[in-house]
Amino acid sequence: LIMFFFVLSWQHLQVFRDRITFWQSAASTSPHSALANRNLGAMYYLDNNLGEAEKSYRRALAINDKEPMVHNNLGLIYFDEGNYGLAEKEYKKELSLYPNYDKALVNLGNLYFHEKRLTEAQALWAQALKINPRNYEAYSRLLILSNQLR
């Protein structure tokens, strides 16, 4: 019995080899889990595999079109690809579902900053700080902006 469980554990140990393998296993063994697909997409994004990340996020949305963070994360992909119109659309979709998601506010502010829409960026970063006073990226962005405006 001990040997049986040892072999079973040894075989399952491969799932924990790396973050991609872990979340691929989670997504394949839980095909109705938007969370597993969202997190798999995040791991692909961290590995700079934007195509696979987008596919995983799209699968998450097909399962649950209100899955938190997915639209924001799609916005990050589109921003990285230089598709600012789609990025803005995704950030705004995230904020329509979750208006107090401070990271989406910061990301939309970053997009506006990139597009030289400084007043709008500043307002979004300030709003993010009202929601989460510990959002250090929003502080940092406001500091950079204030230095540029001097």
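Above this text you will find the structure in question.
All of the points below concern the structure found in this document. (Residues numbered from 1 in each chain as written. Predicted model: local features only at pLDDT ≥ 70, side-chain atom pairs only at ≥ 80, totals over all residues. Heavy atoms only, no water.)

What about the environment of Lys-130?
Argument step 1. Within the element layout of this structure, Lys-130 appears in helix α8 (residues 118-131).
Argument step 2. As for Lys-130 and Tyr-45, which are separated by 85 residues in sequence, their C-alpha atoms are 28 Å apart. (Helix = DSSP H or I, 4+ residues; strand = E, 2+ residues; numbered from the N terminus.)

Some words on helix α7 (residues 102-114)
Argument step 1. The terminal C-alpha atoms of α7 lie 18 Å apart, and with 13 residues this matches the ideal 18 Å at 1.5 Å per residue to within 8%.
Argument step 2. With 11 of 13 residues buried, α7 is to be regarded as a mostly interior element.
Argument step 3. Here α7 has its buried residues at Asp-102, Ala-104, Leu-105, Val-106, Asn-107, Leu-108, Gly-109, Asn-110, Leu-111, Tyr-112 and Phe-113.
Argument step 4. Those residues of α7 that are buried are in contact with α5 (70-80), α6 (84-97), α8 and α9 (136-149).
Argument step 5. The positive-phi residue at the C-terminal boundary of α7 is Lys-116, with phi of around 65°. (Expected span 1.5 Å × (residues − 1). Buried < 20%, exposed > 50% of the residue type's maximum accessible area, 1.4 Å probe, protein only. Contact = heavy atoms within 4.5 Å.)

Overview of the pattern of salt bridges
Argument step 1. A complete count under the given rule lists 10 salt bridges for this structure.
Argument step 2. The salt bridge partner of Glu-90 is Arg-58, with a shortest N-O separation of 3.6 Å. Taken as a pair, Glu-90 in helix α6 and Arg-58 in helix α4 (residues 50-63) lie far apart in primary sequence, 32 residues in all.
Argument step 3. Arg-58 gets classed as partly exposed once you look at its relative accessible area, which sits at 35%.
Argument step 4. One salt bridge in this structure joins Glu-120 and Arg-117, with 2.9 Å as the shortest N-O distance.
Argument step 5. The partly exposed category is assigned to Arg-117, whose relative accessible area is 25%.
Argument step 6. Ionic contacts of the salt-bridge type, sharing partners, join the residues Glu-88, Lys-92, Glu-115, Arg-117 and Glu-120 into one network. (Salt bridge = Lys/Arg side-chain N within 4 Å of Asp/Glu carboxyl O.)

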